[in-house]
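A structural walkthrough
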Amino acid sequence: MALSDRIPYQAIVDRPRLTLPDGKRIAVWVILNAEEWLIEGAMPRTVLSPPMGQPLLPDVPNWSWHEYGMRSGFWRQRKALTDRNIPTTFAINGSVCKSYPRVAQAGLDAGWEFMGHGFRQGPMQRLEDQEDAIKRALDEIEAFCGKRPRSWESPGLTETEDTLDLLRKHGVEYVADWVIDDLPQEIATPFGDITTIPYTVETNDITVYALQGHESDVFLKRGRDQFDRLYAEGADNARVMAISIHPYITGAPHRIRYLEELLDYVGGHDGVAWMTASEIGDWYTTAMSAS
């Protein structure tokens, strides 16, 4: 069976009518991604091309670009979220718990939901032992925060034909890799269903800035436009909106205000339920069983 065949097509207009807690229109979840990039290897992403187009290692400028986020940008984002009491999903490489314990502890102290994000940043297809990497990531996070992650976002949203089965085998219930809809969907595995949580490549700071090269204020405009349409549609049926951020991107001084303004704009609407990945998954599972 092709991987895509495991996710049967569903038209949004045919989905059952679902009601969010307290009659809200839209569930909004913020995903803050904390990653480890090894200076010895090629960078998962680059902002500065190498001299004369020849890749060089170590790649100090591009490694430093990311490292700035873990040292400075993260703390701006954390303040923006905690000042507004926004429930946050902390997508974290398992290795970050030991490589950046100060960052991991800050997420724990804030009461964020820890979401598995691979053991170390890199595509799942490149792993020699994918199951071991998944288990190590979940084990490290559980050892650090005392709870085994129930949710997962693969590095770069990458998966093989086996990823979903391995995640469910090791206790993951909710996965954010499938940006296919504005509502969750169940996917069958030999170990029970795993449920997609609507994620985003549209209101994702990597896409807006690192890939598309937009000006700093575009993240705010795009986020408002995305929210406005989903909020309007939420009058007929529930919707889910994701806001995905990375410390080295929207944690930059010239961008942080636009993240803050987007959070304030969304939070200024009465029909918003701020939720985490597992809260959305639990709501959906319960709502579907009652429909």
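Here, the structure is the one placed above.
The present account deals with the structure reproduced in this document. (Residues numbered from 1 in each chain as written. Predicted model: local features only at pLDDT ≥ 70, side-chain atom pairs only at ≥ 80, totals over all residues. Heavy atoms only, no water.)

**Here's the deal with the side chain of Thr89**
One can find Thr89 in strand 2 (residues 88–92). Since its relative accessible area comes to 0%, Thr89 is described here as buried. The residues contacting Thr89, other than those within four sequence positions of it, are Trp29, Val30, Ile31, Leu32, Glu113, Met115, Thr276 and Ala277. (Helix = DSSP H or I, 4+ residues; strand = E, 2+ residues; numbered from the N terminus. Buried < 20%, exposed > 50% of the residue type's maximum accessible area, 1.4 Å probe, protein only. Contact = heavy atoms within 4.5 Å.)

**A closer look at the packing of aromatic side chains**
Tallying each qualifying case throughout the model produces 14 aromatic pairs. On the numbers, 5.2 Å between centres and 70° between planes, the contact of Phe90 with Trp112 is edge-to-face. With Phe90 in strand 2 and Trp112 in the loop between helix 3 (101–109) and strand 3 (113–116), this residue pair connects regions lying 22 residues apart in the sequence. Grouping residues by exposure puts Phe90 and Trp112 together as buried. With a centroid separation of 6.0 Å and 80° between ring planes, the pair formed by Phe227 and Tyr265 is classed as edge-to-face. Pair noted here: Phe227 is in helix 7 (residues 218–233) and Tyr265 is in helix 8 (residues 256–267), with a separation of 38 residues, a long-range link. For Phe227, a relative accessible area of 0% translates into the label buried. Taking relative accessible area as the criterion, Tyr265 reaches 28% and is therefore assigned partly exposed. An aromatic cluster is present here, built from Phe74, Trp75, Phe90, Trp112, Phe114 and Phe144 joined pairwise through their rings. Seen from the ring of Tyr231, Arg25 lies directly overhead, with NZ or CZ sitting 4.6 Å from the centre. (Phe/Tyr/Trp six-rings, centres within 6.5 Å; stacked < 30°, edge-to-face > 60°. Lys NZ or Arg CZ within 6 Å of the ring centre and 35° of its normal.)

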